[in-house]
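What the coordinates show
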Amino acid sequence: MKAIIPAAGIGTRLRPHTLTIPKAMLLVAGRPILGHILDGLHGAGIEEFVIVVGYHGDRIREFVARDHGDKRVTFVEQDQRLGLGHAVHLCRDAVGGGPALVILGDTIVRADLAAMVRRPDNLIAVCPVDDPRRFGVVETQGSVVTRFVEKPEQPRSNLAIVGLYTFQESARLFACLDRLVREGIRTKGEYQLTDALQLMLEGGERFLVQEIDGWHDCGEAETLLETNRVLLGPEGRIHADGSVVIKAPVEIHPSARLRSCVIGPHVTIGPGAVIKDAVIADSIVNEGAQVDGVVLRASLIGPYAEVQGRGASLNVGDYSRTELH
């Protein structure tokens, strides 16, 4: 089975952090989002990947070459971002018509991927949500899907599609995507994967739902920090090393430099970051950032940003400079 990972999105809801890096490369729990996804797929026995890139795609290529150079990876360029269905449609030649798994490049899913891959069914991972109008949803009879609807205005189901799918014969998926593109069938201005799934269903394909409870959408600053908390785990022991106090759980890159600070719980600090005279909790400090003389909570500090001053809650992008007085 090959894995398709659409990762060409601009990530407008995460600006300014995505002005210089693609959303899939944002740091969470010590790893880029894409790193967590690839690790999970590899653990499930998948060895071939098709990654859709576009916006700052060079950053993704560099990371995969450095971190997953032993994997068989094909990159597909999406020059025009015309929707998820369009992104997957571009992968037809790279995938062929055999079994395929699709997982979104900004979503971390805690599920038994190995068990899903082994099942002889087309599977749609779903999760109950409070407001289904924001998502593609499935209507079901038992565990069998009876209808797919993209962002329904009056939902008849609360089962949201979480962005993880398995197809036993991807040729049928690509045939329906071909029809969408050929006939210009769009929903909300884009070619939707959900619409292709509905065409497959109407053509006689059978889909089963796989309900999961470990769904982490990293599309906004708040949800990125929530994912960081969940992946780092529950609060643990406190450790002091000289002038540095660590409240677990944290992920601190070995190249980060810390002095006279309290870090944690639920903090990720990226490579080359410099932290001094600071207290940081429930936050992500990215590569090369400098934090000096502040108390931070629920904050997202971009690569090479500089933060100086006193306590606040911040959302600071790449290469910015912030002084609090």
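Scope of this entry: the structure provided in the associated data block. (Residues numbered from 1 in each chain as written. Predicted model: local features only at pLDDT ≥ 70, side-chain atom pairs only at ≥ 80, totals over all residues. Heavy atoms only, no water.)

Along the protein, the regular secondary structure elements total eight helices and 26 strands. In terms of overall dimensions, the protein is globule-like: its C-alpha atoms have a radius of gyration of 21 Å, near the 20 Å expected for 325 residues. Counting the 325 residues in the protein, one finds 52% classified as buried. Within the protein, residue pairs in contact and separated by at least 24 positions form 54% of the contacts whose partners lie at least 6 positions apart. Total accessible area on the protein stands at roughly 14,300 Å², and carbon and sulfur atoms take up 45% of it. Each charge class in the protein can be summarised by its mean position, and for the 35 positive and 41 negative side chains these summaries are 1 Å apart. (Helix = DSSP H or I, 4+ residues; strand = E, 2+ residues; numbered from the N terminus. Rg over C-alpha atoms; globule rule 2.2 N^0.38 Å. Buried < 20%, exposed > 50% of the residue type's maximum accessible area, 1.4 Å probe, protein only. Contact = heavy atoms within 4.5 Å. Areas by Shrake-Rupley, 256 points an atom, 1.4 Å probe, with all protein chains shown as cover. Lys, Arg positive; Asp, Glu negative; His and termini not counted. Charge placed at Lys NZ, Arg CZ, Asp CG, Glu CD.)

This part is about the packing of helix 6 (residues 170–183) against helix 7 (residues 193–202). In contact at an axis separation of 9 Å, helix 6 and helix 7 are set at 115 degrees when each is read in the N-to-C sense. Of the two elements, helix 6 crosses helix 7, and the hand of that crossing is right-handed. Across the interface between the two elements, R172, L173, C176, L177, R179 and L180 from helix 6 touch L193, D195, A196, L197, L199 and M200 from helix 7. (Axes fitted to C-alpha atoms, helices over the stretch in contact; angles between N-to-C directions. Left-handed = near helix turned anticlockwise from the far one by under 90°.)

Bringing the state of the cysteines into the picture now. Summed over all chains, the structure comprises zero disulfides. No disulfide involves C91; its sulfur sits 16 Å from the nearest other cysteine sulfur, which is in C176. On the basis of relative accessibility, which here comes to 0%, the residue C91 falls in the buried class. (Disulfide = S-S within 2.5 Å.)

All right, on to unusual backbone geometry then. Cis geometry marks the peptide bond from A248 to P249, where omega comes out at 5 degrees. On the secondary structure map, P249 appears in the loop between strand 15 (244–247) and strand 16 (250–252). Cis geometry is adopted by the peptide bond preceding P265, which originates at G264 and carries an omega value of 0 degrees. As for its placement among the helices and strands, P265 is situated in the loop between strand 17 (257–263) and strand 18 (267–269). With phi around 60 degrees, H266 is a residue other than glycine that occupies positive phi space. Here H266 lies in the loop between strand 17 and strand 18. The phi torsion at A298 lies on the positive side, around 55 degrees, for a residue other than glycine.

Take the pattern of salt bridges next. Under the defined criterion, the tally for this structure stands at 17 salt bridges. The salt bridge partner of R31 is D39, with a shortest N-O separation of 3.0 Å. Take D39: its relative accessible area is 35%, and that puts it in the partly exposed class. Across the pair R61 and E77 runs a salt bridge, and its minimum N-O distance is 2.8 Å. Highlighted residues: R61 in helix 2 (residues 57–67) and E77 in strand 5 (residues 72–77), separated in sequence by 16 residues. Here the residues in one salt-bridge network are K2, E48 and R72, joined through shared partners. (Salt bridge = Lys/Arg side-chain N within 4 Å of Asp/Glu carboxyl O.)

Right, let's get into the nonpolar core. Formed by 49 residues in total, the largest nonpolar core has its most connected members in I5, L41, I60, L164 and W215. When residues no more than four places from it in sequence are discounted, the contact partners of I60 are A7, P22, A24, M25, L34, I51, V53 and F75. The next biggest cluster of nonpolar side chains, apart from the first, holds 35 residues, and it includes V50, V76, Y165 and M200. (Core = buried A, V, L, I, M, F, W, Y, C linked by side-chain atoms within 4.5 Å.)

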